[in-house]
Amino acid sequence: AQKITQTQPGMFVQEKEAVTLDCTYDTSDPSYGLFWYKQPSSGEMIFLIYQGSYDQQNATEGRYSLNFQKARKSANLVISASQLGDSAMYFCAMREGWDSGAGSYQLTFGKGTKLSVIP
Amino acid sequence: DAMVIQNPRYQVTQFGKPVTLSCSQTLNHNVMYWYQQKSSQAPKLLFHYYDKDFNNEADTPDNFQSRRPNTSFCFLDIRSPGLGDAAMYLCATSRDLARGSGSADTQYFGPGTRLTVL
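Definitions and limits used
In this convention, every chain numbers its residues from 1, walking through the sequence in written order. Each chain takes a letter, starting from A, and each ligand takes a number, starting from 1, following the order in which they are written. Only residues with pLDDT of at least 70 get local features here, since the model is predicted, and only at 80 or more are side-chain atom pairs given and counted; chain-wide, interface and lining totals rely on the full set of residues. Hydrogens and waters are ignored; side-chain quantities use all the structure's heavy atoms. The criterion for a disulfide is a pair of cysteine sulfur atoms lying within 2.5 Å. Where helices and strands are cited, they refer to DSSP runs of H or I of at least four residues and of E of at least two residues respectively, numbered from the N terminus. Each residue is placed in one exposure class: buried if its accessible area under a 1.4 Å probe, protein chains only, is under 20% of its type's maximum, exposed if it is over 50%, and partly exposed if it falls in between. A pair of strands is considered paired only if DSSP assigns at least 2 bridges between the two.

Novice: Tell me about the state of the cysteines, residues and numbers included.
Specialist: Note: disulfide means a covalent bond formed between the sulfur atoms of two cysteine side chains. The full count for this structure, using the stated rule, is two disulfides over all chains. The partner cysteine of A:Cys23 in its disulfide is A:Cys92, sulfur to sulfur 2.0 Å. Between A:Cys23 and A:Cys92 the disulfide shows an S-S torsion of about -60 degrees. By sign, it is left-handed. You can see A:Cys23 sitting in the loop between β3 (19-21) and β4 (24-25) and its partner A:Cys92 sitting in strand β10 (residues 88-96), a full 69 residues away along the chain. Taking relative accessible area as the criterion, A:Cys23 reaches 1% and is therefore assigned buried. One disulfide in the model links B:Cys23 with B:Cys91; its S-S distance is 1.9 Å. Across the disulfide from B:Cys23 to B:Cys91, rotation about the S-S bond amounts to roughly -70 degrees, and the bridge is consequently left-handed. You can see B:Cys23 sitting in strand β3 (residues 19-25) and its partner B:Cys91 sitting in strand β9 (residues 87-94), a full 68 residues away along the chain. Each member of the pair, B:Cys23 together with B:Cys91, is buried. This cysteine, B:Cys74, is not joined by any disulfide, and B:Cys91 carries the nearest cysteine sulfur, 6.0 Å off.

Novice: Give a detailed account of the pairing of strand β8 (residues 73-78) of chain B, specifying residues and quantitative values.
Specialist: Residues and elements named next belong to chain B. Of all six residues in β8, five are buried; the element is thus mostly enclosed. Of the pairings in the sheet, the one linking β3 to β8 comprises six bridges and is antiparallel in character. Across the sheet, the residue bridging to Cys 23 is Cys 74, located in β8. Looking at chain direction, strand β7 (residues 64-67) and β8 are connected through four bridges and run antiparallel. Paired with Phe 64 across the strands is Ile 78, a residue of β8. Hairpin connection from β7 to β8: five residues lie between these consecutive antiparallel strands.

Right under this line is the structure:
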């Protein structure tokens, strides 16, 4: 089974509107971290936002917020007030076991969602 | 600004001709990673260094090697590039946070080197 699932290969959003990018994950480890990265066509992987499995509040960073539903194992990224510069690939990723000493350093990535912002 | 730098941004090499990609960081992070990302795919971890300890992923081909002479620099050597090695190569760094610190370590990526094999 895939550890990170992003079901939307591509999304379109009108400029200034909000958009939600879906991410579900699968782990049996109680300690894990969830990350969202943005990758424009230039190729650089830009860190956007982080949610820890023990965090009580949903993470927010400027126009980015993470809708974390632990019981449903989902960590959707919400981008408010979309801008043309938001057009990019968005990857959800997870690192497991960081608190157990037995975890791996590996980030497991989803397949990504290509977001296109329409003027 | 603290950052992860990769050189060159674009590299063209010939089939079978060794090539070295470089990564440097000013973040003073003790973990450095190399990822391979092929077109329209997610990044795939090749290996990482925890300080000077090298950790190879099980499915990383022997054709790929790495060196980390000091904290700031890490190199990816491709001994005999094949056409299938054409990809974006991403370097990343992270701190190693102590257990119970309350946070997994965020990986910060460089801009990548796009490798073309002719």
